[in-house]
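Summary of structural features
Next come the chains, spelled out residue by residue.
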Amino acid sequence: LKADIVEHYLGIEPVAESLQYVQQKFGRQSNVEFRNEDWLQVSLDALTPADYVFCIEVVEHLEPRSVLPFFKRLAAATKHNLFLSTPDRARNKHG
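Residues numbered from 1 in each chain as written. Predicted model: local features only at pLDDT ≥ 70, side-chain atom pairs only at ≥ 80, totals over all residues. Heavy atoms only, no water.

Time to look at the confidence of the model for the protein chain. Overall, the predicted model of the protein chain reaches an average pLDDT of 83, with 87% of residues at or above 70. Summarising per-element confidence for the protein chain, the mean pLDDT is lowest in strand β1 (residues 9–12) (83) and highest in helix α2 (residues 64–76) (91). (pLDDT = per-residue confidence, 0-100. Helix = DSSP H or I, 4+ residues; strand = E, 2+ residues; numbered from the N terminus.)

Pasting the structure below:
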């Protein structure tokens, strides 16, 4: 995490253990904030749309009925670019 190249970094993580890991690793910087929330429940009114939104290996964990609402929320929170990754199902069976 190169927090020194961004004005503010916000990470939203629903799994408490994962949140604790990233907070220990990256949360010591003053412009880095992490929240233990479910992205489908986050109040979009409380978020300022970001220039860049990164969604790394998340979508494959969603219930099929949640995928479209999830993407709509990502789009609403994104000003310029959304970066999305998913694992190669042929090589990685998680999710």
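Here we take up the nonpolar core. Here is a general trend for soluble globular proteins: nonpolar side chains tend to be buried in one another's company. Formed by W39, V42, L47, V53, C55, V59, F70, L74 and A77, the largest nonpolar core amounts to nine residues. Secondary-structure elements contributing two or more residues to this core are β3 (50–56) and α2. (Core = buried A, V, L, I, M, F, W, Y, C linked by side-chain atoms within 4.5 Å. Buried < 20%, exposed > 50% of the residue type's maximum accessible area, 1.4 Å probe, protein only.)

This next bit is on a nonpolar patch on the surface. A contiguous nonpolar patch, built from Y52, F54, I56 and F83 and spanning about 440 Å² of accessible area, is present on the exposed surface. If you tally residues by element for the nonpolar patch, the top one is β3, at three residues. By the secondary structure assignment, F83 is in strand β4 (residues 78–85). (Patch = residues over 30% accessible without salt bridge, like charges linked within 9 Å, V, L, I, M, F, W, Y side chains within 5 Å. Areas by Shrake-Rupley, 256 points an atom, 1.4 Å probe, with all protein chains shown as cover. Salt bridge = Lys/Arg side-chain N within 4 Å of Asp/Glu carboxyl O.)

This next bit is on the packing of aromatic side chains. The full count for this structure, using the stated rule, is four aromatic pairs. On the basis of an interplanar angle of 65° and a centroid distance of 6.1 Å, the ring pair of F70 and F71 is categorised as edge-to-face. Judged by relative accessible area, which is 30%, F71 ranks as partly exposed. An aromatic cluster of at least three residues, connected via ring pairs, comprises Y52, F54 and F83. (Phe/Tyr/Trp six-rings, centres within 6.5 Å; stacked < 30°, edge-to-face > 60°.)

In this section: the pattern of salt bridges. As enumerated under the stated definition, the model contains three salt bridges in all. One salt bridge in this structure joins R35 and E33, with 3.0 Å as the shortest N-O distance. Here R35 makes a salt bridge to E37, at a shortest N to O gap of 3.9 Å. Through salt bridges that share partners, E33, R35 and E37 make up one connected network.

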